[in-house]
Amino acid sequence: MSQVALTSRGPDERESSQVRGGGRELTPLRRWIADAPAAYLLLLPVLALFAFAVVYPLIQTIILSFWDIKGLGKPKFYGFGNFVTLAQDANFRQAVVTTLTWTTCTTALSVGMGWAMALLCSMAPRQTLIPRVLIFAAFGVSEAVTGYVWIGIFRGDAGGLLNSLLGALGLGGLAHPWLGDAQTATWCLIAAYSWAQTGLPLLVIYAATQAISRNVIEAAYVDGASPLAIMRYIIAPLSMPGVRVALFINLLGSLRAFDTIYVLTGGGPVRSTETIGFFMYRESFTQFKLGYGAAATLILLAAVLIVSIPAIIQRTRTTT
Amino acid sequence: MTTKLVPQAAAMTRRALMVGTSAIAMLLMGGQSFAADISGDLVLLDWAAGSEQDMIKALEDGFMKAYPNVHFKEINLTTQGDARGAIRAALQSGEKADLFVNTWPAFRKELADAGMLRDLGPLWDSAKIGDNLSDSWKALGSSDGKVYGVTYTFGDRSAMFYKTATMQKAGIDKQPTTWDEFVGNFKKLSAAGVTPIGIGAKVWSHTEWFESIYEHLNGVQKASDLAAHKIPWTDDSVKNTLKKWAELLKAGCCGTAEQMLAMDWNDAADSVLVAGNHGYQIIGMWVNNIAQTTDGLKEGVDYSIQQFPAMGAGHDNVSSVDSKEFSELTSGSNQAAADAFLAWVTTADAANIVAKAGLASPSNKVDSSLYGPVIKAATDAVAKGDVQFVLGDLLPGDLVDEYRVQLQKFLQDPSDANIDAVTAAIEAKAKTFD
């Protein structure tokens, strides 16, 4: 912001700011002091909001993580005890593994499907308008609502859509209580979540394909390239900026995912589908072990920062 | 025997009658004045949903009819599964309420220890609540010797719900009273395409079976000792209970572990009472209310209950019970109205509202003719036997969670080796609360 404020001035203006104060030329330090207040004044509301909504809760969470709190009992200072317990907690280790599986698969699937659909749609933009709108609409529907739809699909009895479809296809022997089996529940969740999250990558990547110069594509046609070759060698590589943005957004989203897991399995069976985010919810709000939950939250925050900081730095370098 | 009154005595009687009538009139007027003095907003924190919430609203309406200057405000928490987390969050975040609905004795103690509940002992005496509720209900609403809860409904948690059409389909004319008869009927039910027992193990309701078997094998005292961790979870009584439960599983009682773990208690209730895919379910009496109001079923005709079968271990006359109570929160600002409500909720008016909703009332003023056959059978069973509060609701903090999760692991693998592992895990967690 301050950069914008400084660079938005024209050369004449900059000169005049350098000679403010009775024609005397300003040193760089004095010029920074003279210019800074305006920039900080503009930033102040955002900084205040950020401090109130992000910094303060974060500090409270860090403080909380050093306390042993059980239910409504009196808190006891616990030092790094919560972090030590987390490291020894088999359920937390399981949650870390589930989070890695969940995040990798849902991001890869949702972005992969979105990318594939965006490439197809880019070949026939008008004809694919309605499907694009419908797929994106799924992204706009609450995860809790789509969760209940998926419960109807994965129901363990013959009334479940998937089981009844299998029955209709003569594959009734494959019918299964999908959400009650630790082996299948995670994959059902991944399928449900990825489906709902495909809309955004489709939209972002499709927009990237529409930014590709028509001249490049027309030149390829003139040179005799087939539609498949155009898609593979021109549209796909040039859509990569959109893919990177979609990967970043969906990765962060899947790290924080909660609603789908809550509605479909509640973290079960036997805690097998708990991600770190869900583990944090369970410990903090079901067990009310707020200190322990805060420690898990900080681990999740670290994971989010590890993912997001390099991506933000990379994006900042690209745009500047 | 007839008694002839002499004139003087008759005059005295007339005077006595007048004095008595005047006293009653004054008392009634005083009562009205008392009711008029009670006013303002009365805030209730609850987590009821559906038809149960309708019943609570009916109680509120009944109370406001008696105390027209009071206005109920409800803080209704929307939760799934165990509601304690949401209640703690609400209270910790500063929600203030006069009354609170509770069903967990361990949670009552947690709230009382945190200074959030009012001691209702003085009110119990001054409002003569004991005239309507027996001492056993007072004991049930107490923690560490102080009364904190006034029970307004209770349930027989050793009752097995079943659908009459399902039993007819399986050719079961008479409900089993012994364990052998019960297990023997599994073949008939399975042959009719019915899974004998519906266990919704997704969150917690699988523990009902452990608790009923435990109490019938070991008695209520031992169950109470286990809840208080006076005996370890690795005790033979626990292991033998799980082995008995494993016999049921091996007899094909309940489908696969995956099927049980995919079902919640309400899925199991639907499967037993509506779809008829499962034979029996042990669950709280609130299902009686749901079956009538939501599913449109006729109590005693479309469905009924059967007490848990006798196991012949000398403890067949036991019932696991649950209850719901109103407590007063210290954060509330209208103690007078809260006190009046707690006294009113034990009266005939309130008890009959509960009974009409298809639930059991602990009040001795309830008109028992309002009970349907299911509630009648449940209240009779509780009245004549030894009772033990639901074990899971007596366990503190996250021990209850460990208990539920470990019993889910038992369902996945009911082998002796896993029984050792499961009981050791619960014991390890229980030790952290000693």
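Residues numbered from 1 in each chain as written. Chains lettered and ligands numbered in written order. Predicted model: local features only at pLDDT ≥ 70, side-chain atom pairs only at ≥ 80, totals over all residues. Heavy atoms only, no water.

### Digging into the interface of chain A and chain B
Convention followed: Contact criterion: two residues are considered in contact whenever any of their non-hydrogen atoms come within 4.5 Å of each other. A simple way to read buried area is as the amount of 1.4 Å-probe accessible surface that goes missing from two parts once joined, with both sides added. Salt bridge, as applied in this entry: a Lys or Arg side-chain nitrogen positioned within 4 Å of an Asp or Glu carboxyl oxygen. Strands are runs of DSSP state E lasting at least 2 residues, helices are runs of H or I lasting at least 4, and numbering of each runs from the N terminus.
Taken together, the contacts link 21 residues of chain A with 26 residues of chain B. The junction of chain A with chain B conceals about 2,000 Å² of combined surface from both sides, 58% of it contributed by carbon and sulfur atoms. Inspection of the region where chain A meets chain B yields two salt bridges. The shortest N-O distance in the salt bridge between K289 of chain A and D398 of chain B comes to 2.8 Å. Elements represented by at least two residues in the side of chain A that touches chain B include exactly α14 (259-264) and α15 (276-286) of chain A.

### Comments concerning the nonpolar core
Residues and elements named next belong to chain B. Put simply, the rule reads: Among buried residues, the Ala, Val, Leu, Ile, Met, Phe, Trp, Tyr and Cys ones that are joined through side-chain atoms within 4.5 Å form a nonpolar core. Accessible area is worked out with a 1.4 Å probe on protein chains only. A residue is then buried under 20% of its type maximum, exposed over 50%, and partly exposed in between.
L59, I87 and F341 are the most contacted members of the largest nonpolar core, which has 86 residues in total. In terms of residues, this core owes the most to one element, helix α14 (residues 335-344), which gives six residues. For I87, the contacting residues outside a window of four places in its chain are L45, W47, L77, F100, W104 and F107. Judged by nonpolar contacts, the second largest core, of 50 residues, contains I199, F410, I419 and V422.

### Thoughts on the environment of F83 of chain A
Residues and elements named next belong to chain A. Within the element layout of this structure, F83 appears in helix α4 (residues 81-88). With 191 residues separating them along the chain, F83 and E274 place their C-alpha atoms 18 Å apart. Once residues lying within four places of it in the same chain are set aside, the contact partners of F83 are S65, F66, A295, L298 and I299.

### Details of the pairing of strand β6 (residues 150-156) of chain B
Residues and elements named next belong to chain B. For clarity, the threshold we go by: If DSSP finds at least two bridges between two strands, the strands pair.
Counting buried residues along β6, seven of its seven residues qualify, which places the element largely inside the surrounding structure. Pairing of β6 with strand β11 (residues 318-328), which is carried by six bridges, proceeds in the antiparallel orientation. Within β11, the position partnered with F154 by the bridge is S323.

### Digging into the packing of aromatic side chains
What counts here: For Phe, Tyr and Trp, where Trp contributes only its six-membered ring, two rings pair if their centres lie within 6.5 Å, and the inter-plane angle classes them as stacked under 30 degrees, edge-to-face over 60, or tilted in between. Whether a charge sits over a ring depends on NZ of Lys or CZ of Arg being within 6 Å of the ring centre and within 35 degrees of the ring normal.
Per the counting criterion, the structure on display carries 43 aromatic pairs over all chains. Taking 6.3 Å as the distance between ring centres and 25° as the angle between the ring planes, the aromatic pair formed by F161 of chain B and Y303 of chain B counts as stacked. Note that F161 of chain B is positioned in strand β7 (residues 159-163) and Y303 of chain B in strand β10 (residues 303-307), a separation of 142 residues in sequence. Classification of Y303 of chain B as buried rests on a relative accessible area of 0%. Taking the ring centre of F433 of chain B as reference, the NZ or CZ of K70 of chain A above it sits at 5.7 Å. For R132 of chain A, the ring lying beneath its charged end belongs to Y206 of chain A, and the centroid distance is 3.9 Å.

### A closer look at the environment of P241 of chain A
All names here are of chain A. Relative to the helices and strands, P241 is located in helix α13 (residues 240-255). Note on P241: relative accessible area 37%, which makes it partly exposed. Along the backbone, P241 and T209 are 32 residues apart, and their C-alpha atoms lie at a distance of 9.6 Å.

### As for the pattern of salt bridges
Opposite charge on two side chains allows them to pair when their charged atoms are near. As enumerated under the stated definition, the model contains 22 salt bridges over all chains in all. The partner of K109 of chain B in a salt bridge is D113 of chain B, with the nearest N and O atoms 3.1 Å apart. Of the two residues, K109 of chain B and D113 of chain B are both situated in helix α4 (residues 105-113); the distance of four residues between them amounts to about one turn of the helix. When its relative accessible area of 54% is taken as the criterion, D113 of chain B is described as exposed. One salt-bridge network, held together by shared partners, links R271, E274, R282, E283 and K289 of chain A together with D398, D401 and K429 of chain B.

### Brief notes about the confidence of the model for chain A
So the rule is basically this: A residue's pLDDT is the predictor's confidence in that residue, given on a scale from 0 to 100.
Of all residues in chain A, 92% have pLDDT values of 70 or greater, and the mean over the chain is 87. Ignoring residues within four places in sequence, the model shows residues 1-18 of chain A, a span with pLDDT below 50, making 13 contacts including any to other chains.

### Re α15 of chain A
Residues and elements named next belong to chain A. Burial analysis of α15 places eight of its eleven residues in the buried class, which makes it a mostly covered element. Listing the buried residues of α15 in full gives I276, G277, F278, F279, M280, R282, E283 and S284. Positioned one or two residues after α15, F288 has a phi angle of 60°, which is positive.

### Some thoughts on the packing of helix α5 (residues 90-123) of chain A against α13 of chain A
Residues and elements named next belong to chain A. Note the cut-off: Interaxial angle, 0 to 180 degrees, is taken between N-to-C directions of lines fitted to C-alpha atoms, where a helix line uses only the stretch in contact. Here a crossing is taken to be left-handed if its near helix is turned anticlockwise relative to the far helix by less than a right angle, and right-handed if that turn runs clockwise. Under the scheme applied here, ten amino acids are nonpolar (Ala, Val, Leu, Ile, Met, Phe, Trp, Tyr, Cys and Pro), four are charged (Asp, Glu, Lys and Arg), and all others, including Gly, are polar.
Two elements in contact, α5 and α13, have axes separated by 9 Å at closest approach and are oriented at 145°. Crossing handedness for the pair α5 and α13: right-handed. Here T99, W102, T103, T106, T107, S110, V111 and W115 of α5 come into contact with α13, specifically with M240, V243, A246, L247, N250, L251, S254 and L255. Counted by class, the contact of α5 with α13 contains nine nonpolar, seven polar and no charged residues.

### Details of the pairing of β7 of chain B
All names here are of chain B. Counted residue by residue, β7 has five buried out of five residues, so it is predominantly covered. As judged from the five bridges shared by β7 and β10, these two strands associate in the antiparallel manner. Paired with Y162 across the two strands is S304, which belongs to β10. Bridging between β7 and strand β9 (residues 278-282) involves three bridges; their strand directions are antiparallel. Across the sheet, Y162 pairs through a bridge with Y280, a residue of β9.

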